[in-house]
Amino acid sequence: MAAAPPRAPHRARKRFGQNFLHDHGVVARIVDAIDPRPGQAIVEIGPGRAALTGALIQRAGHIRAIEIDRDLAAALRDRFPANDLTLIETDALKIDWSIHATLPLRIVGNLPYNISTPLLFALLPIAEHVIDQHFMLQKEVVDRMVAAPGSKTYGRLSVMLQFRYRLVKLFDVPRGAFTPAPQVTSSVVRMQPHAVTELPEIDADSFARVVAAAFGQRRKTLRNALAPLLAADDIAAAGVDPQARAETLSVQSFVDLTRRLAAKTI
Ligand code: SAM
């Protein structure tokens, strides 16, 4: 039988946020930070041309990866035997994560920038099945994730993620480490879910509603921004100044406001 013709070279697709890592030093630094071990359930989002995938497999023996680009998926199948790589060819935003979380997951990826924020939110509900997440993202997004109250970049993303994870910004990665080079610097972040026993007992949807409303109108005082949910007296009863603005509040204050909302609706 004639050998299959060689595949045409793959061209980076903007719509899939494809900026491929080519800097071996950066790959080694990321994989060292992850420290993958055999037996761990490692899932890579967007393996692309396997810059991280190969190094992860070398250290863990086997990983799972989710790739949306059919041509890249075909090339990955050619390169890695199924014993090393379980490839899930789909959109990471649409995946049913619960079926992959039979073991506690370690999720990693140089994420496509166009879907990074929705993906971070999509992963929140499975946090209790996750050991950790290591992601490369736009530096600006990582700065928002780890921002402290009172800083310019502190917002909904900071509060929603800090409530659920311990976040550590690890290091920046310059544009030149990728082909094609993205417009902006990237950063690597580590996310470790807080133990369920450490989480305050509040309804996650109510918390999300309070946070979204508070930051929905950034320039407004909480009294105005939260008016559809809580009266000024309720805000004060939660120990929060109704004249304050959302960006000055700690994550704990958002928890206190959510408790107040629950007390009101009982
Ligand atoms: N990991 C590779 C690297 O570091 O060079 C590629 C990173 S590239 C920034 C993002 C990868 O995610 C691409 O391979 C792209 O095809 C894939 N991707 C984009 N959108 C995706 C989605 N919704 N679900 C799964 N993979 C996606």
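Reading the values: the criteria
Each residue is numbered by its place in its chain's sequence as written, counting from 1. Thresholds applied to this predicted model are a pLDDT of at least 70 for local features of residues and 80 or more for the giving and counting of side-chain atom pairs; totals over whole chains, interfaces and linings are not thresholded and use all residues. With hydrogens and water set aside, each side-chain value is computed from the structure's full complement of heavy atoms. Whether a residue is near a molecule or strand is decided by its heavy atoms; if any one of them lies within 4 Å of it, the residue is near. In protein, a polar contact means a hydrogen-donor-capable atom and an acceptor-capable atom, both N or O and within 3.5 Å, with residues adjacent in sequence counting only if both atoms are side-chain atoms; elsewhere, any N or O pair within 3.5 Å suffices. Surface exposure here means Shrake-Rupley accessible area, sampled with a 1.4 Å probe, where a residue is shielded only by the protein chains that are shown. By definition, any uninterrupted DSSP run of H or I lasting at least four residues is a helix, any uninterrupted run of E lasting at least two residues is a strand, and each is numbered from the N terminus. Amino acids are sorted into nonpolar (Ala, Val, Leu, Ile, Met, Phe, Trp, Tyr, Cys and Pro), charged (Asp, Glu, Lys and Arg) and polar (every other residue, Gly among them). In this description, contact between two residues means that some pair of their heavy atoms is separated by no more than 4.5 Å. Only protein chains enter the accessibility calculation, which uses a 1.4 Å probe; a residue is then buried when its area is under 20% of its type maximum, exposed when over 50%, and partly exposed in between. The pairing criterion for strands is at least two bridges between them, as found by DSSP. Looking down the strands as they point away from you, a crossover is right-handed if its path from the first strand over the helix to the second goes clockwise.

**With respect to the site of the ligand**
In step 1: Around the ligand lies a shell of 23 residues, among which L21, G46, E67, D91 and A92 are the nearest.
In step 2: Measuring from an oxygen atom of the ligand, one finds a backbone N or O atom of L21 at 2.8 Å.
In step 3: N110 has a polar side-chain atom sitting 2.8 Å from an oxygen atom of the ligand.
In step 4: Burial of the ligand by the surrounding chains reaches 99%, relative to a free accessible area of 590 Å².
In step 5: Put simply, the parts of the chain that give the shell around the ligand at least two residues each are strand 1 (20-21) and strand 3 (63-67).
In step 6: The residue inventory of the shell around the ligand, partitioned by class, reads 12 nonpolar, seven polar and four charged.

**Details of the environment of V130**
In step 1: Examined against the element boundaries, V130 turns out to sit in strand 6 (residues 130-138).
In step 2: C-alpha separation for the pair V130 and H194, spaced 64 residues apart in sequence, amounts to 10.0 Å.
In step 3: Contact partners of V130, with chain neighbours within four places excluded, come to L105, I107 and P193.

**Considering unusual backbone geometry**
In step 1: In this structure, the amide linkage connecting T179 to the following residue, P180, adopts the cis form with an omega of -15°.
In step 2: Inspection of the secondary structure puts P180 in the loop between strand 8 (178-179) and strand 9 (186-193).
In step 3: Even without being glycine, A50 reaches a positive phi, approximately 75°.
In step 4: Following the sequence through the fold, A50 ends up in the loop between strand 2 (41-45) and helix 2 (51-60).
In step 5: Judged by its relative accessible area of 4%, A50 falls in the buried class.

**As for the pairing of strand 5 (residues 105-110)**
Along any regular strand, the residues point their side chains to alternate faces of the sheet.
In step 1: For strand 5, the buried fraction is high: six of the six residues fall into the buried class.
In step 2: The alternating pattern of strand 5 places L105, I107 and G109 and R106, V108 and N110 on opposite faces, both of which are buried.
In step 3: The pairing of strand 2 with strand 5 spans four bridges and is classified as parallel. Across the sheet, the residue bridging to A41 is L105, located in strand 5.
In step 4: Sheet analysis places strand 5 next to strand 6, joined by six bridges and oriented parallel. Considered in strand 6, the bridge of N110 is made with M136.
In step 5: The parallel pair strand 5 and strand 6, bridged by helix 4 (residues 116-123), forms a crossover whose chirality is right-handed.

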